[in-house]
Amino acid sequence: MGRHGEIRGDMGRCGLSTLQRGAGVLRRPIRRSKFDLLGNTLDVRTGHWRNPTATIGAGVDSFYEYSLKAYLVFGKPELYAMWNASASAVEQHLRVGPWYGEADMHKGHRRAERVEFDALQAFWPALQVLAGELRPAAATFEAFHSLWRKFNALPERFDVDRGKLHDTLAYYPLRPELAESCYALYHATRDARYLQIGAEMVTSLNSAARTFFGFAAIKSVRSMALEDQMPSFFLAETLKYLYLLFDEASFANTHAESYVFTTEGHLIPLSTAFHGPGPAPPTDEQLSAYGVLQLRELIARASLPHGDCIEKGQLRERARLAARRLEAERRSEVEARQAQDPRKLVCRTPASS
């Protein structure tokens with residue numbers, strides 16, 4: 001699962017509609033292992049894992065983020081259960097001190113003796129903060145930030161045990177995840193040290209990456225040579241989190257309890273208006289008026305294929321099947337919510353270490 005493909009960890013790009021689609025995908029049966037671990041790349045046509053590597057980094061990072069945030073936005077018990085099982089499996093099988101390694105999802109133990117840091121893991125402390133786990137979040141952030149102090153940037157990959165940069169993945173494309181975690185920890189703890197760390201990050205960016213026309217991605221933290229490009233997420237996320245770290249009067253900070261950030265740094269309101277089952281799917285009579293695009297969208301909502309439907313009649317028949325599946329899910333959701341004890345719908349108790 002990754003940023004531009006099959007069902008990738010990024011369950012969408014931005015906005016409420018994306019989060020709704022992501023929540024719908026998350027609720028489908030996913031072939032997790034007996035250890036509750038998920039692999040990296042899933043073939044959505046066959047349901048088989050192409051890459052069974054379990055990690056919290058590149059390829060699957062946003063799965064964890066959206067499983068918790070989708071629960072906070074939509075209040076669906078199954079989303080919380082998915083987050084809790086997945087996060088617990090990560091802590092049991094992937095955590096090594098304050099760092100996180102990789103494992104075969106089917107074996108449940110780390111794949112190699114040494115631990116390698118992946119830059120996209122740096123979002124994890126922010127997610128731990130959201131789950132109420134401040135101590136492990138702070139410990140992991142300290143470990144990740146130690147690499148920034150060492151290189152004045154965050155390398156894409158680093159061999160923790162050997163203390164060695166990856167041969168080819170030593171670049172820093174101005175990623176936002178470490179700044180995001182710094183912002184989250186400051187607002188959860190009000191520890192001024194995180195303000196100091198944020199200021200140091202700003203100083204590093206200004207000294208190492210700033211150019212006449214903007215900021216440039218760093219080709220290698222060894223040489224600190226620059227690329228001739230500035231990724232858009234640097235403006236949309238990296239600078240946003242660093243700015244918000246110091247701007248106490250901003251809307252995002254004064255209304256922090258009413259919103260949650262998506263993986264792309266967009267604000268989504270936390271409102272009970274988004275809770276409860278969605279609208280009923282269309283009836284057969286309503287489907288008869290649907291066009292091809294509407295039929296395909298309905299089929300996709302039910303996670304059914306439509307590429308084999310050549311004639312419109314075949315497409316409409318598949319849409320009827322999709323509508324029946326969606327209605328069954330809707331009724332099941334209503335029953336589950338009626339039976340659910342709301343006292344159980346809380347994030348896990350903050351860990352002691």
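So, here is what we can say about the structure in this document.

Reading the values: rules and limits
- Residues numbered from 1 in each chain as written.
- Predicted model: local features only at pLDDT ≥ 70, side-chain atom pairs only at ≥ 80, totals over all residues.
- Heavy atoms only, no water.
- Phe/Tyr/Trp six-rings, centres within 6.5 Å; stacked < 30°, edge-to-face > 60°.
- Helix = DSSP H or I, 4+ residues; strand = E, 2+ residues; numbered from the N terminus.
- Buried < 20%, exposed > 50% of the residue type's maximum accessible area, 1.4 Å probe, protein only.
- Pairing = 2+ DSSP bridges.
- Contact = heavy atoms within 4.5 Å.
- Axes fitted to C-alpha atoms, helices over the stretch in contact; angles between N-to-C directions.
- Expected span 1.5 Å × (residues − 1).
- Arc of directions from axis to C-beta.
- Polar contact = N/O pair within 3.5 Å; in protein donor to acceptor, adjacent residues only side chain to side chain.
- 1 Å grid on protein atoms, 1.4 Å probe; cavity = no way out; pocket = protein on both sides within 12 Å on 5 of 7 lines; lining within 4 Å.
- Points joined across faces, edges and corners; volume = space filled by probe spheres on them.
- Salt bridge = Lys/Arg side-chain N within 4 Å of Asp/Glu carboxyl O.
- Core = buried A, V, L, I, M, F, W, Y, C linked by side-chain atoms within 4.5 Å.

Some points on the packing of aromatic side chains
Taken as a whole and assessed by the stated rule, the structure comprises 18 aromatic pairs. Plain terms: the ring middles of W99 and F117 are 6.1 Å apart, the flat faces sit at 75° to each other, and that makes the pair edge-to-face. In this pair, W99 sits in strand β5 (residues 99–100) while F117 sits in strand β7 (residues 116–118), placing the two residues 18 residues apart along the sequence. Considering the side-chain rings of W99 and F144, the 5.7 Å spacing of their centres and the 55° angle between planes classify their relative orientation as tilted. With W99 in strand β5 and F144 in helix α5 (residues 134–151), the pair connects residues that are 45 residues apart, well separated along the chain. By relative accessible area, W99 is classed as buried at 14%.

Considerations on the sheet that holds strand β8 (residues 157–159)
Here three strands make up an open sheet; going across it, the order is β7-β8-β9 and the pairing antiparallel. Each edge of the open sheet is held by one strand with a lone partner, namely β7 and β9 (164–165). Bridge analysis of β8 against β9 gives two bridges, and the strand direction is antiparallel. Paired with D159 across the bridge in β9 is K164. The strands that α5 touches are β7, β8 and β9; relative to β8, the one it contacts most, it runs at about 100°.

A closer look at helix α7 (residues 192–208)
Along its 17 residues, α7 runs 24 Å from first to last C-alpha, staying within 8% of the 24 Å computed at 1.5 Å per residue. Every buried residue belonging to α7 is among Y194, I197, G198, M201, S204, L205 and A208, and all of these are buried. What you see down the axis of α7 is that its buried residues fit within an arc of 120°, all on one side. Seen from the buried face of α7, the exposed residues on the opposite side, beyond 90 degrees, are T203 and S207. In the core, the buried residues of α7 are packed alongside α5, α6 (177–189) and α8 (232–246). Regarding α7, its N-cap is D191, as a side-chain oxygen of that residue lies 2.9 Å from the backbone nitrogen of R193 further along.

Quick word on the layout of surface pockets
Its boundaries defined by the atoms lining it, the second largest pocket holds a volume of some 640 Å³. Surrounding the second largest pocket, 24 residues form its lining, V129, L130, A184, A256 and Y259 being those nearest its centre. Elements with a minimum of two residues in the lining of the second largest pocket: α2 (61–74), α4 (124–130), α6, α9 (251–254) and β10 (259–261). In terms of residues, the lining of the second largest pocket owes the most to one element, α6, which gives five residues.

Some details on helix α11 (residues 292–301)
Taken residue by residue, α11 has L295, L298 and I299 as its buried positions. Down the axis, α11 shows its buried residues gathered within 100° of arc, on one side only. In α11, the exposed positions angled more than 90 degrees off the buried face are occupied by L293 and E297. S303 occupies a position one or two residues after α11 and carries a positive phi of about 60°.

Concerning the pattern of salt bridges
Inspection of every chain in the model, using the stated rule, returns 14 salt bridges. Of the charged contacts in the structure, one is a salt bridge between E91 and R95, with a shortest N-O distance of 3.3 Å. The exposure class of R95 is partly exposed, given its relative accessible area of 24%. Salt-bridge contacts for R193 lead to E142; the nearest nitrogen and oxygen are separated by 2.3 Å. Of the two residues, R193 is situated in helix α7 and E142 in helix α5; the sequence distance between them amounts to 51 residues. With relative accessibility at 26%, the residue E142 sits in the partly exposed group.

Focus: the nonpolar core
Ranked by size, the top nonpolar core spans 45 residues in total, and within it W99, F117, L154, Y172, L178 and L205 carry the most contacts. Among the elements of the structure, α4, α5, α6, α7 and α8 are those that each provide at least two residues to this core. Sequence-distant contacts of F117, that is, excluding residues within four places in its chain, are made with W99, F144, L147, L154, P155, E156, R157, F158 and V160. In this structure, L42, W49, W83 and L127 belong to the second largest nonpolar core, which totals 31 residues.

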